[in-house]
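So the chains spell out like this:
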Amino acid sequence: NTTTLKLDTGPVSAFSAVGVTPSAVKPAKLNGTTISFPAKLKGKTITHKGGLKLTTAAGFVSLENIVINYKTGKATADVGNPVTPDPLNIKNILVIKGGKNKIAKNGTWNNATASLNKSVEALGSKQDPAVLLAQVLGLPAGSIPTGQALGKITIKVKM
């Protein structure tokens, strides 16, 4: 039971140009530009352990314990950062679209695109997660585009 996210070269290049380093939060593993997470199917959701962490000299952001609703493609994550003492649970921070979603038939969703959502409810108001990430990472405004695609995702879970 595994979900893999192959980070797109565009964001990886843009991140490294501004000093952002991706890493895995255990038990997830990063190999090159591909991160893999242990996954489990529970009803209409796929739950994950571990996460993806983006780090700069100014701070970090981690997306952990990602839960994907395979019917809507919306994903919630615990977002860790140095600003709040505990991770913030942000609903629908990621959107998974496209690919071949056959979770209901055989437990696979191949070659979908994982992107930041354009708007989320965070800290009591509607926010653009790209703007929030850039602020926490100490990046210039606009350095992470609204709705930024992160990469291609493949999910394989036992029914």
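Going by the structure above, here's the rest.
Here goes a summary of the coordinates provided. All values derive from a computational prediction rather than experimental measurement.

### Some remarks on the layout of surface pockets
The computed volume of the largest pocket comes to approximately 220 Å³. Around the largest pocket sit 15 residues that line it, and Asn 81, Leu 88, Leu 123, Leu 132 and Val 136 are the ones nearest its centre. Elements with a contribution of two residues or more to the lining of the largest pocket: strand E9 (88–97) and helix H3 (129–137). Of the residues that constitute the lining of the largest pocket, the class distribution is 12 nonpolar, three polar and no charged.

### Notes on the pairing of strand E8 (residues 74–80)
Within a regular strand, side chains alternate between the sheet's two faces. In terms of residue burial, E8 counts as a mostly covered element, since six of its seven residues are buried. Pairing between strand E7 (residues 60–69) and E8: five bridges, direction antiparallel. In the sheet register, Ser 62 faces E8, and the bridge partner there is Gly 80. Here E7 folds back onto E8 in antiparallel fashion, the turn holding four residues, of which Gly 73 has a positive phi close to 80°. Where E8 lies against E9, five bridges are found, and the strand directions are antiparallel. Residue Val 79 lies in a different strand from E9, and its bridge partner there is Leu 88.

### Quick look at the packing of aromatic side chains
Under the counting rule described, the total for this entry stands at zero aromatic pairs. The ring of Phe 60 has Lys 53 sitting right over it, with the charged end atom 4.6 Å from the ring centre.

### Notes on the side chain of Thr 76
Turning to its location among the elements, Thr 76 is positioned in strand E8. A polar contact is formed between the side chain of Thr 76 and the backbone nitrogen of Asn 92, at a distance of 3.3 Å. With near-sequence residues (within four places) excluded, Thr 76 lies in contact with Asn 65, Ile 66, Val 67, Asn 89, Ile 90, Lys 91 and Asn 92.

### Notes on empty space enclosed by the protein
Following the criterion strictly, the structure yields three cavities of 30 Å³ or more and no others. Its volume calculated, the largest cavity comes out at about 120 Å³. Taken together, 13 residues line the largest cavity, and the ones lying closest to its centre are Leu 5, Phe 37, Ile 66, Leu 94 and Ile 153. Of all elements in the fold, only strand E1 (2–7), E7, E9 and strand E14 (149–156) reach the threshold of two or more residues within the lining of the largest cavity. Sorting elements by how many residues they give to the lining of the largest cavity places E7 first, with three residues. Tallied by class, the residues present in the lining of the largest cavity amount to 11 nonpolar, two polar and no charged.

The rules behind the values
- Residues numbered from 1 in each chain as written.
- Predicted model: local features only at pLDDT ≥ 70, side-chain atom pairs only at ≥ 80, totals over all residues.
- Heavy atoms only, no water.
- 1 Å grid on protein atoms, 1.4 Å probe; cavity = no way out; pocket = protein on both sides within 12 Å on 5 of 7 lines; lining within 4 Å.
- Points joined across faces, edges and corners; volume = space filled by probe spheres on them.
- Helix = DSSP H or I, 4+ residues; strand = E, 2+ residues; numbered from the N terminus.
- Nonpolar A, V, L, I, M, F, W, Y, C, P; charged D, E, K, R; others polar.
- Buried < 20%, exposed > 50% of the residue type's maximum accessible area, 1.4 Å probe, protein only.
- Pairing = 2+ DSSP bridges.
- Phe/Tyr/Trp six-rings, centres within 6.5 Å; stacked < 30°, edge-to-face > 60°.
- Lys NZ or Arg CZ within 6 Å of the ring centre and 35° of its normal.
- Polar contact = N/O pair within 3.5 Å; in protein donor to acceptor, adjacent residues only side chain to side chain.
- Contact = heavy atoms within 4.5 Å.

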